[in-house]
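This is what each chain is made of:
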Amino acid sequence: MKTRCTALSKAALAGFLALAFLVVGGASKATAAVINCKSGIGPNSTIVIYNDSPGFNIYPVLFAGAPSATDQWMQGCFKVPFNQIGNNPYPRDSQYRMYVNCCRSGQNGIPPGGSVTITLPFYSPLVASINPKGAKQFIDWWQGGGINVYQTAGTTKTPPPWLQSHWNADVQQGAVSPNSNPPACSGLPLNKNTCALHFFRSTSIANWEPQQLIEYTLGAAGEDAQRKTVDQPKYLWVPDNVDYDVSNVNYAYMPAAIEPFGNSLQKTCCAIGWVGSTSRIADVFTAMTNWRNASIGKDWPLYVDQNSTTKPKATIPLKVPSALELFLNFNAFDNTNNYIPAPSKSPPIIRMTALWKDCQMGAVYTICPRINDVTKLLQANYNNYLDVYANNQDKWINEWKCTQKPSGGPLPDKILLAHFYGWGPFNEFCDAKANLLEKTPGYVDLNKTPNYAAVKAEYDQVQYWYNVLAGNYGQWNDAAKPDYGQFDPYVALVHGKSYMNAPYTYAYSVDDAVGNMQTDGTGLIIAVGGPENLPNPAHVTREVLFTFGYKSDYAGGINFTKYGRCTTAPDTDTVSYFTTFVVPEGIAGTSNSVLNCKITMKDSKNRLYTFTLKGLPTDFPKPIASQKNWPDAQQITAINNQFINCSGNSGQVLNSWCKLIFTYQTIDKTNPHLPPLYYVIMGGPPPLQ
C-alpha cells in the first residue's frame, strides 16, 4: 500500500542520526537502475494474466497512455539534457489499444484456468527513425497504462457484444503495426490457440461498459536531484519500478488481484502480497445484488447501456457507479441519460445530499463537524480560484495556464458536492496542478488549525463512516446516535465485509492508503477471480521502513556499498540519495513475516553486518520529562534489546553499530483505517578497530 511518511517530530532523532531519508511514492529503495535507451531499444516488462474464475471467460484489453505534448519517460530513457528538453518533447499523439487473444474469428479471450504472458517493451517505434518532435512516432506502453477486463460465461463462444463493437470500429479504422520491437505473448494452454495481440490507435473505453479497470505505471522518470550542469540529463530513468492498483474509484464490477513480477522479495520470507480482491466473479456479483437489495444500496443508480436500442434503454445490471462518478457528472444528475434512476431521484443520493445540507444548516449530528470542515476547505479553494483570476493574472495565465475565465458567482450546491465527493480542487480551464487543495491559502501551515492534513483526515473518516471495515455502515433511524448518517454507501459496498469485502482496492479518489502499491519489479502478475496462481496468496500488509546512514567520516570516509533484504548476503547496490528500503510486515506467526527476514549490509571496508527483528514496537517511545538528550544511550539500549537481534555480529559492528539500531512505530490515531508505519533506524558504518 502507498505509505504515508510521518515527520520524525520526534525531532530529537535528528541529533541521534544524520540520515538521508527518501521515500518514493510509497515504496522505498536504496538503489536505482539507470538505463540509457541510446544504447539499445530499452527494457521489457512481463505481464502475466491468470483467469482463476470458474465458469467465466475473461477478455483483457491493454491501453497505453493518452495524447500529451511531452513524454517524460522517453525523455528520461533517452537521457535528454536539461537544456534540450524543449527540443525533444517526444509528443504522444493518441492512446493505443491492445486486444489479447480477441476478437478475430476463433479468438475468445482467456478461458477458465488459462493464462497469458505478455512481453511488454518500454516502447515500440512506429517509424524507422524516431523524430522527437514528430507525430505518430512511437507507442510508450509503460507511462500511464492499464487494462480493461471484460467477461462472459465460460460456455459462450464469442466475445461480449460491447467489446465486439469496439473491435469492429477499430478494424474499420485500421490496425497499427510497430516498425520494430512489438509486444508479444504466449500462453492459453487450455484451448491450445496461439496467443494473438492486435494493436490500434483508439480512445478510452467508457466507464458505463461492463468491464473492470486495472491501472499501472511501469518504470519511473524522476528529475535528477544530483544533476550539476544544464547539459546533463534532466531525468533519471528507472526501469525496475512498478506502480499499480485495482481501481474502484469510478465503479465496481469485477475482482482482480495484482502482485509484482520480478520483485527482489519474491520467493523469500517476505514476498509482497496482493492488492485488489481474490474473490470469485460470481461472489462479487452476488455481493452487488445483496447490497442493492439492502436499504443502504436500494435504488442506487445503474449505468445506462449506451448501445441499447430499447426504449427506455437497458441498464448494465451488475456494475455499480461510485458516488464520485454520480456527483461529478452533474450534467447527468437530473436526467436518465447516463443513469437510471436519475441520481437526483435516487433515495440513497437524496439522503446523502440532505445530510450535507443539514450539517450546513447547523445540525448537531456527530458526523457534521467533519463534513463542515471539508466544506470550508473547498469553499476556501473556490474563493482562491476566483481571487487569482481577479487579482493575479500573471499567475492565472503563466503559472496556472488557465485558458478561460471562471464562471464566477456563488458556488452552487451541485458543483460543491461534485468536488466534495471527488476531492478535487477548483481549476476549471486550468492546468491539472493549478490550485491544488493542499495549497489552499489558510490550510498550508501544518502547525496551525485548520490545515490540509487535518481536514483530509476528517474526509477519510466520513468516507469510512461509521466503521465500514467492522461492518457498521451507519444508520438513518436515530439522529441522536453517533453513527447517524451514511455519507458514502458505495464505500460500504467495496470495503464492507457484508458485501464485496475488498479493503485493498480504491473506493474513492484518495483511498490510496489501502489501494495502491509501488515497489521494485519488472512487471505484474494479475489473477482474475481467485488467488490460485499468485506467488503470495496473502494480501498486502503494512511496511517496515529501514533507513540507514549512508556514510561516516571515519578513516577518510566509510560508506555502505550493498544491502540485502531477507537474504544471507547483501546483494543490492546502494546509492547516496536512496537510503531507505522496505520489507512488508507480513503475517506474524507464519513463514511470511518480517520477523523471519535477515537484514544484511556491507561497507566499503568489506565488513558485513546482519540483524533480524525480534518484534515490532507498539508506539513511539515516550521521552523522559525534562530530558535534554533524548533518546539517550540507556533508552536506545533498552529498545534495542527488546526488538533487535544482533547475534550474528562481533567487534565494532556489534558494539558501535548494531547496538544502536533504533525502532519505533507511528500511527495516525485520527484515521483508524490507515496502517501504522514501522521504522528501523540504522547509523552509518562504525570506525575501524
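Residues numbered from 1 in each chain as written. Predicted model: local features only at pLDDT ≥ 70, side-chain atom pairs only at ≥ 80, totals over all residues. Heavy atoms only, no water.

Engineer: Explanation requested: the nonpolar core in the structure shown.
Structural biologist: For soluble globular proteins, the rule of thumb is that nonpolar side chains tend to be buried together. The biggest cluster of nonpolar side chains holds 102 residues, and the ones touching the most others in it are Phe 546, Phe 611 and Trp 657. Ranked by residue count, the leading element in this core is strand S29 (residues 677-682), at 6 residues. Excluding residues within four positions of it along the chain, Phe 611 makes contact with Phe 546, Cys 597, Lys 598, Ile 599, Ile 644, Asn 645, Cys 646, Trp 657, Cys 658, Ile 661, Val 680 and Met 682. Listed in part, the 70 residues of the second largest apolar core include Trp 300, Tyr 339, Leu 377 and Val 491. (Core = buried A, V, L, I, M, F, W, Y, C linked by side-chain atoms within 4.5 Å. Buried < 20%, exposed > 50% of the residue type's maximum accessible area, 1.4 Å probe, protein only. Helix = DSSP H or I, 4+ residues; strand = E, 2+ residues; numbered from the N terminus. Contact = heavy atoms within 4.5 Å.)

Engineer: How do you make sense of the pattern of salt bridges when you look at a structure like this?
Structural biologist: Where charged atoms of side chains with opposite charge meet at close range, the side chains can pair. By the definition in use, this model includes 11 salt bridges. Across the pair Glu 585 and Arg 542 runs a salt bridge whose closest N-O atoms are separated by 2.7 Å. With a gap of 43 residues between them, Glu 585 in the loop between strand S24 (580-584) and strand S25 (599-603) and Arg 542 in the loop between strand S19 (523-528) and strand S20 (543-548) connect regions that are remote in the sequence. Residue classification places Arg 542 among the partly exposed residues on the basis of a relative accessible area of 27%. Of the charged contacts in the structure, one is a salt bridge between Arg 607 and Asp 603, with a shortest N-O distance of 2.8 Å. The burial state of Arg 607 is the same as that of Asp 603; both residues are buried. (Salt bridge = Lys/Arg side-chain N within 4 Å of Asp/Glu carboxyl O.)

Engineer: Where do I start with unusual backbone geometry in this structure?
Structural biologist: Leaving glycine aside, a negative phi is the common case for residues, and trans is the common case for peptide bonds. In the segment running from Cys 102 into Cys 103, the intervening peptide bond is cis, with an omega of 10°. Tracing the backbone shows Cys 103 in the loop between strand S3 (95-100) and strand S4 (115-121). In this model, Thr 449 is joined to Pro 450 through a cis peptide bond whose omega is 0°. For Pro 450, the location among the structural elements is in the loop between helix H9 (413-422) and helix H10 (452-463). Phi is positive for Tyr 90, close to 50°, though the residue is something other than glycine. Look at Tyr 90 and you get buried, because its relative accessible area is 7%.

Engineer: Would you mind going over the pairing of strand S13 (residues 257-261) with me for this structure?
Structural biologist: Side-chain positions along a regular strand alternate between the two faces of the sheet. Of all 5 residues that make up S13, 4 are buried, and the element is covered over most of its length. Summarising the sheet, S13 and strand S14 (residues 275-276) pair through 2 bridges and their orientation is antiparallel. Looking at S14, one finds that Ala 257 is bridged to Gly 276. (Pairing = 2+ DSSP bridges.)

Engineer: Looking at this structure, I do not really get the state of the cysteines. What am I missing?
Structural biologist: As used in these notes, a disulfide is a covalent bond between sulfur atoms, one from each of two cysteines. One pass over the structure, following the stated rule, counts 7 disulfides. With a sulfur-sulfur separation of 2.1 Å, Cys 359 is cross-linked through a disulfide to Cys 368. In this structure the cystine formed by Cys 359 and Cys 368 twists about its S-S bond by roughly -75°; its chirality is therefore left-handed. Note on accessibility: Cys 359 and Cys 368 belong to one class, buried. With no disulfide of its own, Cys 269 lies 3.0 Å from the sulfur of Cys 270, the closest cysteine sulfur. Taking relative accessible area as the criterion, Cys 269 reaches 17% and is therefore assigned buried. (Disulfide = S-S within 2.5 Å.)

Engineer: Explanation requested: the sheet that holds strand S11 (residues 238-246) in the structure shown.
Structural biologist: Sheet strands pair by backbone hydrogen bonding; their relative direction is either parallel or antiparallel. If you trace the 7 strands from one edge of the open sheet to the other, you get S9-S3-S2-S7-S10-S11-S18, paired in antiparallel fashion. Of all strands in the sheet, those with a lone pairing partner are strand S9 (197-202) and strand S18 (516-520), marking the two edges. Strand-to-strand twist of the sheet, defined as the mean angle between neighbouring strand axes without regard to direction, takes the value 25°. One ladder, built from 5 bridges, connects S11 with S18; its direction is antiparallel. Opposite Asp 243, over in S18, you have Gln 518 as the bridge partner. (Axes fitted to C-alpha atoms, helices over the stretch in contact; angles between N-to-C directions.)

Engineer: Would you take a moment to explain the packing of helix H7 (residues 368-391) against H10 for this structure?
Structural biologist: To characterise two packed helices, one gives the angle between the axes of the helices and the distance between these axes. Viewed as axis vectors pointing N to C, H7 and H10 meet at an angle of 130°, and their least axial separation amounts to 9 Å. In this view, H7 runs oblique relative to H10, as classed from their interaxial angle. Along this stretch, H7 crosses H10, giving a crossing that reads as left-handed. Together, Pro 369, Arg 370, Ile 371, Asp 373, Val 374 and Leu 377 of H7 and Tyr 452, Val 455, Glu 458, Tyr 459, Gln 461 and Val 462 of H10 make up the contact between the two elements. When its residues are assigned to classes, the contact of H7 with H10 shows 8 nonpolar, 1 polar and 3 charged. (Parallel < 35°, antiparallel > 145°, perpendicular 65-115°, else oblique. Left-handed = near helix turned anticlockwise from the far one by under 90°. Nonpolar A, V, L, I, M, F, W, Y, C, P; charged D, E, K, R; others polar.)

Engineer: Would you take a moment to explain the packing of aromatic side chains for this structure?
Structural biologist: Where two aromatic rings form a pair, the distance of their centres and the angle of their planes describe that pair. For the structure on display, the rule yields 47 aromatic pairs. On the basis of an interplanar angle of 40° and a centroid distance of 6.0 Å, the ring pair of Trp 423 and Tyr 452 is categorised as tilted. Taken as a pair, Trp 423 in the loop between H9 and H10 and Tyr 452 in helix H10 lie far apart in primary sequence, 29 residues in all. Grouping residues by exposure puts Trp 423 and Tyr 452 together as buried. Put simply, the rings of Phe 327, Phe 333, Phe 420, Tyr 421, Trp 423, Tyr 452, Tyr 459, Tyr 464, Phe 487 and Tyr 508 pair up and form one aromatic cluster. Directly above the aromatic system of Phe 82 lies the positively charged group of Arg 227, at a separation of 4.1 Å from the ring centroid. One Lys or Arg, Lys 319, reaches over the ring of Tyr 303 and ends 5.7 Å from the middle of that ring. (Phe/Tyr/Trp six-rings, centres within 6.5 Å; stacked < 30°, edge-to-face > 60°. Lys NZ or Arg CZ within 6 Å of the ring centre and 35° of its normal.)

Engineer: Just checking my understanding: could you explain the side chain of Arg 565 for this structure?
Structural biologist: Following the sequence through the fold, Arg 565 ends up in strand S22 (residues 558-565). Side-chain polar atoms of Arg 565 contact the side chain of Ser 264, separated by 2.5 Å. From its side chain, Arg 565 meets the backbone oxygen of Val 582 in a polar contact 2.6 Å long. Once residues within four sequence positions are removed from consideration, Arg 565 is found in contact with Ser 264, Leu 265, Asp 520, Phe 581, Val 582, Val 583, Cys 597, Lys 598 and Ile 599. (Polar contact = N/O pair within 3.5 Å; in protein donor to acceptor, adjacent residues only side chain to side chain.)

Engineer: So what exactly am I meant to see when it comes to helix H6 (residues 347-360) here?
Structural biologist: Owing to its 3.6 residues per turn, the α-helix brings residues three or four apart onto one side. A rise of 1.5 Å per residue sets the reference length of H6, with its 14 residues, at 20 Å; its end C-alpha atoms lie 20 Å apart and thus fit the reference within 8%. Within the sequence span of H6, burial applies to Pro 348, Ile 349, Met 352, Thr 353, Leu 355, Trp 356 and Cys 359. The arc enclosing the buried residues of H6, seen along the axis, measures out at 150°, which places them on a common side. Looking at the buried positions of H6, the neighbouring elements they touch are helix H5 (323-328), H7, H9 and helix H11 (489-495). Positive backbone phi, approximately 105°, marks Gly 362, located one or two places after H6. (Expected span 1.5 Å × (residues − 1). Arc of directions from axis to C-beta.)

Engineer: It is not clear to me how the sheet that holds strand S28 (residues 662-666) should be interpreted in this structure. Could you clarify?
Structural biologist: Strand order in the open sheet formed by 4 strands is S24-S20-S29-S28, and the pairing between neighbours is mixed. One side of each edge strand has no neighbouring strand; the edge strands of this open sheet are S24 and S28. Averaged over all adjacent pairs, the angle separating strand axes in this sheet is 20°, with direction ignored. In the sheet, S20 pairs with S29 via 5 bridges, with the strands oriented parallel. Bridge pairing links Phe 548 to Met 682 in S29.

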